[in-house]
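Here's the letter readout for the chains.
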Amino acid sequence: MSSRPTFTEIVDWMEGRLPSDRAHDVAEAVAHDDAAADAAAWVAEFLATAERLQMESPPADLRGRLRALFNDPARDLSDGAWERARLLYARSARDAAPSGAETHLAFEFGAGRFVLVVAPASHGYVELRGQLLLATPPGPADVTLLEGGVVRGRSRSAADGRFRFALAPASVDELRIAVGGLRVTAQLEPSRA
């Protein structure tokens, strides 16, 4: 097999969207790799559950608010107007503790700092908890996780800047925080947590 499949590739494989050569590699991984097999089983269960659910259209006012939220230009992640945070601190208790140890990270940028705690959650997933630390309370911030530039999770922080992703794919490689005029990004490697 050429490389371990990502969660996205497993979903694409199960839904028939991969080219045949890569589909063969993913099928081999699912057959011989416990983590890939667990991810495929989870996707299969999710798809079966989704088929049984009856979808209803949301009320018109909610539909409008959701459209506005996703069409808001401030949420556009494609431009380069993001300040890059610098890693100040990274500490893992992995060597001193049994499996399941947390990794603590601290990042700094022009207007302040943010801290992250990354802990293993389940095969291929981590729990990610953080807090944005500014001189004045930041208010609710939009927090986005990306993998290769593709959004893998969004959250809204509490007024004190705290945020949490209970099950974030371990393959995410970037975190972005936007609040007011502040737009900051940081590179992540949670799969090493």
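Just above, that's the structure.
The structure displayed is predicted, hence computed values, not measured ones.

The rules behind these values
Residues numbered from 1 in each chain as written. Predicted model: local features only at pLDDT ≥ 70, side-chain atom pairs only at ≥ 80, totals over all residues. Heavy atoms only, no water. Axes fitted to C-alpha atoms, helices over the stretch in contact; angles between N-to-C directions. Helix = DSSP H or I, 4+ residues; strand = E, 2+ residues; numbered from the N terminus. Parallel < 35°, antiparallel > 145°, perpendicular 65-115°, else oblique. Contact = heavy atoms within 4.5 Å. Nonpolar A, V, L, I, M, F, W, Y, C, P; charged D, E, K, R; others polar. Phe/Tyr/Trp six-rings, centres within 6.5 Å; stacked < 30°, edge-to-face > 60°. Lys NZ or Arg CZ within 6 Å of the ring centre and 35° of its normal. Core = buried A, V, L, I, M, F, W, Y, C linked by side-chain atoms within 4.5 Å. Buried < 20%, exposed > 50% of the residue type's maximum accessible area, 1.4 Å probe, protein only. Salt bridge = Lys/Arg side-chain N within 4 Å of Asp/Glu carboxyl O. Pairing = 2+ DSSP bridges.

Colleague: Looking at this structure, I do not really get the packing of helix α2 (residues 20–32) against helix α3 (residues 34–52). What am I missing?
Modeller: A packed helix pair is summarised by two numbers, namely the angle formed by the two axes and the spacing between the axes. Viewed as axis vectors pointing N to C, α2 and α3 meet at an angle of 100°, and their least axial separation amounts to 6 Å. If you check the angle between α2 and α3, you find them roughly perpendicular. Across the interface between the two elements, Ala29, Val30 and His32 of α2 pack against Asp34, Ala36, Ala37 and Ala40 of α3. Among the residues making up the contact of α2 with α3, the classes are represented as 5 nonpolar, 1 polar and 1 charged.

Colleague: Looking at this structure, how should I read the packing of aromatic side chains?
Modeller: The description of an aromatic ring pair rests on the distance of the ring centres and on the angle between the ring planes. For the structure on display, the rule yields 5 aromatic pairs. With centroids separated by 5.8 Å and ring planes inclined at 55°, the aromatic side chains of Phe7 and Trp42 adopt a geometry described as tilted. Of this pair, Phe7 sits in helix α1 (residues 7–14) while Trp42 sits in helix α3, placing them 35 residues apart in sequence. Measuring from ring centre to ring centre gives 5.0 Å for Phe107 and Phe114, while their planes differ by 15°; the resulting arrangement is stacked. Here the aromatic residues Phe7, Trp42, Phe46 and Tyr125 are joined through ring pairs into a cluster of three or more. Here the basic side chain of Arg176 rests over the ring of Trp82, its NZ or CZ set 4.8 Å away from the ring centre.

Colleague: Teacher, can you tell me more about the nonpolar core here?
Modeller: One broad rule of soluble globular proteins: the nonpolar side chains tend to lie buried together. Formed by 25 residues in total, the largest nonpolar core has its most connected members in Phe114, Leu116, Leu128, Leu175 and Ile177. Those elements that place two or more of their residues in this core are β3 (103–109), β4 (112–122), β5 (125–134), β6 (142–147), β8 (162–169), β9 (174–179) and β10 (182–187). Those residues in contact with Ile177, other than ones at most four positions away along the chain, are Trp82, Phe114, Leu132, Ala141, Asp142, Val143, Phe163, Leu182, Arg183 and Val184. Residues Ala23, Val26, Ala36 and Ala40 belong to the second largest nonpolar core, which totals 9 residues.

Colleague: Explain the pattern of salt bridges to me, please; I cannot follow it from the model alone.
Modeller: Between side chains of opposite charge, a pair can form as their charged atoms come close. Tallied over the full model, the rule gives 14 salt bridges. Here Glu127 and Arg164 are joined by a salt bridge, their closest N and O atoms 2.7 Å apart. Here Glu127, found in strand β5, pairs with Arg164, found in strand β8; they are 37 residues apart in sequence, far enough to count as distant. One continuous salt-bridge network, built from bridges that share partners, spans Glu102, Glu127, Arg129 and Arg164.

Colleague: Would you explain the pairing of β5 in this entry?
Modeller: Residues in a regular strand project their side chains so that they alternate between the two faces of the sheet. Buried residues dominate β5, accounting for 7 of its 10 residues. Looking at chain direction, β4 and β5 are connected through 10 bridges and run antiparallel. From the neighbouring strand, Ala119 faces β5, where its bridge partner is Glu127. Two successive antiparallel strands, β4 and β5, enclose a turn made up of 2 residues, where Gly124 displays a positive phi of approximately 80°. Of the strand pairs in this sheet, β5 and β8 are connected by 6 bridges, and their pairing is antiparallel. If you follow Val126 over to β8, its bridge partner there is Ala168.

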